[in-house]
Amino acid sequence: MMSTEVFLCLVLVLLSDVLHPWSEAEGLVEGLEVHQPARLSAALGETVTLHCNFTCTLQDGDLLYGKFYRVKGGNKIYTDNNTVSRTTCTVASTIANITLESEAVYYCEVKIVSVTTPTEGTGSGTTVTVYAEPSSMEIPEPQTLVVDTEALLSCVVNGFYPQSISVTWFHRDLQVPLTSITNHLTTNRNGTFSLTSQYRFTPAVRDNGTVCRCQASHPVWRHHVTLERVLDVKYGPQSLNLTSQNRPVLGAGPNKTLELPEGSPLHVSCWSDGNPRPWTGWFKDRGDGLTPVEPPVGCSNETLHVGVVQREDEGVYWCVARNSYGERNTSFTLLVVVSDYVTSFIARLLATVIFFFLVALMLICTNIIRDNRLRTGLNQGECEPGLSGLKEDD
């Protein structure tokens, strides 16, 4: 049975602790070891639970108090939603919808009020850091990219925290050197940050259709944030290529020639790379300047076509390719070979003689093969068993 003096003493201690629970109460001995994690990281808007533990052996009449606090302006600011467990000797506190202002060092303070040995202790503190992954990211449409003209690509990362993020550019799957990158950081009203990273480069023809990639990262983020932009580089026509369906175009540079027999068709294609796709046209040099190809010679896009080549079709033909960013041209000389009647007759006669000679040769070879097979059959018949020694009857 508890004595009246002990009961009154406990009541007084309880009342003093209720009225001033976290004041420096007389008689509390500092020496309770309180353990808590050193760091805790949480995303903006998440719910965070602080916790600590300590060694305790409580009697039925002992009182246990525990709370978390942070220091601001020299004052202790205690958290709400604290839970104390007598069985596990732990203290937990929940911070819902964490904000940037929640970043601080939180200390766990524990007091055990006992008639025998009242004790208290404070943990070393848990540093709570808050992070925010970007709310949006974009690579705005750049100004027109023109080959061999300096260009600028921008990557805008919005609504992140903390400010010390890393932005890396990749061009043709190769990391861009830092000397080609400029970053501009701004602070938003809610305390988060935005960053505009600019990549300065001079596009080449091979860059058209390739990918530029912007990647933002921070050690506390769950993953990298990446965005891509396919480059649309404008450039004029490149080297022109001539191909003929009949005979190859011979030569190079301004000395290209194409020889065709009179009466044969002409079909020459002219192709050039460019962005946007170049307009292509055919012209003929008629001595007093270039004039567009007219009927009976037709021109369809990159193709020059003449159904039946005549002697008057001889000359120099020019292929011209152009777009807004440049122009190129190339030419070839068409030579029409007129057939000589005597030469043509001799050629046809010679072809006929060769044909009949081959036919006769095939017939001779066929007879020789047949005779050889007959002789072979007779020789085998003379040597068969049972036939030798037979004589004709008288």
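Heads up: the structure comes first, above all this text.
Structural notes, computed from the coordinates. (Residues numbered from 1 in each chain as written. Predicted model: local features only at pLDDT ≥ 70, side-chain atom pairs only at ≥ 80, totals over all residues. Heavy atoms only, no water.)

### Some points on the sheet that holds strand 20 (residues 225-230)
Spatial strand order, 16-15-19-20: 4 strands in an open sheet with antiparallel pairing. The sheet terminates laterally at strand 16 (174-175) and strand 20, the two strands that pair on one side only. Sheet topology places strand 19 (residues 211-217) next to strand 20; 6 bridges connect them, and they run antiparallel. Across the sheet, V211 pairs through a bridge with V230, a residue of strand 20. (Pairing = 2+ DSSP bridges. Helix = DSSP H or I, 4+ residues; strand = E, 2+ residues; numbered from the N terminus.)

### Things to note about the state of the cysteines
The final tally for this structure, using the stated rule, is 4 disulfides. Put simply, C52 and C108 are joined by a disulfide, and their sulfur atoms are 1.9 Å apart. Of the two residues, C52 is situated in strand 4 (residues 48-54) and C108 in strand 9 (residues 104-113); the sequence distance between them amounts to 56 residues. Of the two residues, C52 and C108, both sit in the buried class. (Disulfide = S-S within 2.5 Å. Buried < 20%, exposed > 50% of the residue type's maximum accessible area, 1.4 Å probe, protein only.)

### A closer look at the pattern of salt bridges
Scanning all chains against the criterion turns up 10 salt bridges. For R222, the salt bridge identified is with E46, shortest N-O distance 2.5 Å. Of this pair, R222 sits in the loop between strand 19 and strand 20 while E46 sits in the loop between strand 3 (39-43) and strand 4, and the two are 176 residues apart along the sequence. The exposure class assigned to R222 is exposed, which follows from its relative accessible area of 56%. In this structure, E109 engages K76 in a salt bridge whose closest nitrogen and oxygen atoms are separated by 3.1 Å. Pair noted here: E109 is in strand 9 and K76 is in strand 6 (residues 75-78), with a separation of 33 residues, a long-range link. (Salt bridge = Lys/Arg side-chain N within 4 Å of Asp/Glu carboxyl O.)

### Describing unusual backbone geometry
Look at the link from Y161 to P162: it is a cis peptide, with omega at -5°. Mapped onto the elements of the fold, P162 is located in the loop between strand 14 (151-160) and strand 15 (166-171). For the peptide bond that leads from N275 to P276, omega is 5°, which places it in the cis range. Along the chain, P276 turns up in the loop between strand 24 (266-271) and strand 25 (279-285). With phi around 65°, D148 is a residue other than glycine that occupies positive phi space. Structurally, D148 can be placed in the loop between strand 13 (145-146) and strand 14. Since its relative accessible area comes to 63%, D148 is described here as exposed.

### With respect to the sheet that holds strand 30 (residues 326-337)
A sheet is described by the order of its strands in space; here 5 strands give the open sequence 23-30-29-25-26, paired in mixed fashion. Edge positions in the sheet fall to strand 23 (257-261) and strand 26 (290-292), since each of these pairs with one other strand and no more. In this sheet, adjacent strand axes meet at a mean angle of 35° when their direction is disregarded. Direction of pairing for strand 25 relative to strand 29 (residues 315-323): antiparallel, over a ladder of 7 bridges. (Axes fitted to C-alpha atoms, helices over the stretch in contact; angles between N-to-C directions.)

### Notes on the nonpolar core
Across soluble globular proteins, nonpolar side chains have a tendency to be buried as a group. Judged by nonpolar contacts, the single largest core of 52 residues is most densely connected at F54, V110 and W169. Look past the residues within four positions of V110 in its chain and what remains in contact with it is L32, V34, F54, L64, Y65, G66, V91, T119, E120 and G121. Grouped together as the second largest cluster of nonpolar side chains are 19 residues, V249, V293, V309 and F332 included. (Core = buried A, V, L, I, M, F, W, Y, C linked by side-chain atoms within 4.5 Å. Contact = heavy atoms within 4.5 Å.)

### Overview of the environment of H51
Within the fold, H51 resides in strand 4. In this structure H51 comes out as partly exposed when scored by relative accessible area, which is 44%. A C-alpha to C-alpha distance of 7.8 Å links H51 and C108, two positions 57 residues apart in sequence.

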